[in-house]
Amino acid sequence: MTDQRAPDWFQRALAHEPTSHRVPVLDCDIHYLRWGPAASERPGILFLHAGGAHARWWSFIAPFLAEDRAVAAIDFSGMGDSGRRENYSSECHVPEIGAVLAHADLGQRPIIVGHSFGGFMAMCYGNRHGADLSGMVFVDTPLRPAVEAKADPTQAYTRPKPVHPDLDTILKRFRLGPAQPCGNGYILDYIARHSVTECEGGWTWKFDVAARGASHHDEPLVDYLTSLACPKALIYGGDSSMVTSDIAAYMRDLFKPGEPIICMPEAHHHLFLDQPLAFVAALRAILSGWNA
């Protein structure tokens, strides 16, 4: 990876070590991390990670929001340190979100922040429980017109994970998906070290390949988004390969006047890795506008 020294703000954020918890959901142990006070009058926040990622992707973001409110980050089943299932879909991930919201004591009307796949799962949850939320923030979560063709992702979700002989080798193989440049090597180092596990014959990635499947694309996500019974916002990268300018223009029409849509210039799909402090500022501005 890299020996780039982590800046002071990053080290201070990681010094706020979260507590680790597990809650059973549909016969599967779901792991999550929690920061902040035991209780607060302010709405709590639940972060939802992207496909194949995990809760630790938020470890250097969450502490900035946890000064006066509870904050949690989930490991969806099949990813991170949660248990595995035979099948994955919103039918299991939506109850996982609900269980963590309750178990983490995030208050009566919490806020959900979802990146990419996590944003899709937030839409599915909001379709059923949006009235119980103070708001949802979608982070570079692309919705395409129904007429736009999609690539068949089957191979990517069925091929076996490689096994690497030692820790150093697998850490050097860590890549962001979709591929993008990221100048913050210290963040990539941190995420990579929490993305691997020892296995027979060496080391492999934590996620279950099957958990990255795209069955949620069969759901009417556009309808879910436009009918949300809570405030919503979008933060996307100006150089994102997922929320392109055409997709951003399409999605803008799915938001009501006054609902925040923030483009972070020179940021890619994994925009809070590119510009973490700017992302925190954007998120704080959205919450302030909601009086949340």
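Criteria and cut-off values
- Residues numbered from 1 in each chain as written.
- Predicted model: local features only at pLDDT ≥ 70, side-chain atom pairs only at ≥ 80, totals over all residues.
- Heavy atoms only, no water.
- Helix = DSSP H or I, 4+ residues; strand = E, 2+ residues; numbered from the N terminus.
- Buried < 20%, exposed > 50% of the residue type's maximum accessible area, 1.4 Å probe, protein only.
- Contact = heavy atoms within 4.5 Å.
- Axes fitted to C-alpha atoms, helices over the stretch in contact; angles between N-to-C directions.
- Parallel < 35°, antiparallel > 145°, perpendicular 65-115°, else oblique.
- Nonpolar A, V, L, I, M, F, W, Y, C, P; charged D, E, K, R; others polar.
- Pairing = 2+ DSSP bridges.
- 1 Å grid on protein atoms, 1.4 Å probe; cavity = no way out; pocket = protein on both sides within 12 Å on 5 of 7 lines; lining within 4 Å.
- Points joined across faces, edges and corners; volume = space filled by probe spheres on them.
- Expected span 1.5 Å × (residues − 1).
- Salt bridge = Lys/Arg side-chain N within 4 Å of Asp/Glu carboxyl O.

Participant: Mind showing me how you'd approach the side chain of H164 here?
Facilitator: Position of H164 relative to the elements: it lies in the loop between β6 (135–139) and α5 (167–172). A relative accessible area of 11% means that H164 is categorised as buried. Setting aside anything within four residues of it in sequence, one finds H164 in contact with T169, I170, R173, G201, G202, W203 and W205.

Participant: For this particular structure, what's the right way to read the packing of helix α3 (residues 90–103) against helix α4 (residues 117–129)?
Facilitator: Each pair of packed helices gets described by two things: the angle between the helix axes and the distance between those axes. Where α3 meets α4, the axes come as close as 9 Å, and the angle between the chain directions of the two elements is 75°. Overall, the two elements α3 and α4 adopt an arrangement that is roughly perpendicular. Side by side, α3 and α4 meet where S90, E91, H93, V94, I97, G98 and L101 of the first sit next to F117, M121, C124, Y125, R128 and H129 of the second. Looking at the contact of α3 with α4 residue by residue, the class counts come to seven nonpolar, four polar and two charged.

Participant: Help me out: how do you make sense of the pairing of strand β7 (residues 196–199) in this one?
Facilitator: Consecutive side chains of a regular strand alternate in pointing toward one face of the sheet and then the other. In the sheet, β7 pairs with strand β8 (residues 202–205) via four bridges, with the strands oriented antiparallel. Counterpart to E198 in the pairing with β8 is W203. Joining the antiparallel neighbours β7 and β8 is a turn of two residues, in which G201 adopts a positive phi near 95°.

Participant: Quick question: what am I supposed to make of unusual backbone geometry here?
Facilitator: When glycine is set aside, most residues are seen to have a negative phi, and most peptide bonds are trans. A cis amide bond, omega 0°, links G177 with the succeeding residue P178. Positive phi, close to 50°, is recorded for L26, a residue that is not glycine. Relative to the elements of secondary structure, L26 occurs in the loop between β1 (19–25) and β2 (28–35). Look at L26 and you get exposed, because its relative accessible area is 51%. The backbone of E266 sits at a positive phi, close to 60°, despite the residue not being glycine. Structurally, the position occupied by E266 is in the loop between β10 (261–264) and α9 (271–274).

Participant: Is there a simple way to think about the layout of surface pockets in this case?
Facilitator: Unfilled space is identified by rolling a water-sized probe across the atoms. In this structure, the second largest pocket spans a volume of roughly 180 Å³. Contributing to the lining of the second largest pocket are 13 residues, with R12, A13, H16, P63 and F64 lying nearest its centre. Sorting the residues of the lining of the second largest pocket by element identifies α1 (8–15), β2 and α2 (62–65) as the ones contributing at least two each.

Participant: Is there a simple way to think about α4 in this case?
Facilitator: Within an α-helix, residues lying three or four positions from one another point in the same direction, as the helix has 3.6 residues per turn. Over its 13 residues, α4 runs 18 Å from end to end, which matches the ideal 18 Å to within 8%, given 1.5 Å per residue. Counting buried positions along α4 gives ten out of 13 residues, so the element sits mostly inside the fold. For α4, the complete set of buried residues consists of F117, G118, G119, F120, M121, A122, M123, C124, Y125 and G126. Summarising the contacts, the buried residues of α4 are in contact with β3 (45–48), α3, β5 (111–115), β6 and α7 (221–226).

Participant: Hey, could you run me through the pattern of salt bridges in this one?
Facilitator: Side chains bearing opposite charge may pair, as long as their charged atoms lie close to each other. Tallying each qualifying case throughout the model produces seven salt bridges. Where D68 meets R42, a salt bridge forms, and the shortest distance between an N and an O atom there is 2.6 Å. With a gap of 26 residues between them, D68 in the loop between α2 and β4 (71–74) and R42 in the loop between β2 and β3 connect regions that are remote in the sequence. As a salt-bridge pair, E91 and R128 come within 3.0 Å of each other at their nearest N and O atoms. Of this pair, E91 sits in helix α3 while R128 is found in helix α4, placing the two residues 37 residues apart along the sequence.

Participant: Explain the sheet that holds β10 to me, please; I cannot follow it from the model alone.
Facilitator: Sheet strands line up and pair through hydrogen bonds in the backbone, either parallel or antiparallel. With respect to topology, eight strands assemble into an open sheet ordered β1-β2-β4-β3-β5-β6-β9-β10, the strand pairing being mixed. A single partner strand is all that each edge strand has here, and the edge strands are β1 and β10. Neighbour-to-neighbour, the strand axes of the sheet open up by a mean angle of 20°, direction not taken into account. The pairing of strand β9 (residues 232–237) with β10 spans four bridges and is classified as parallel. Directly across from I235, in β10, lies its bridge partner I262.

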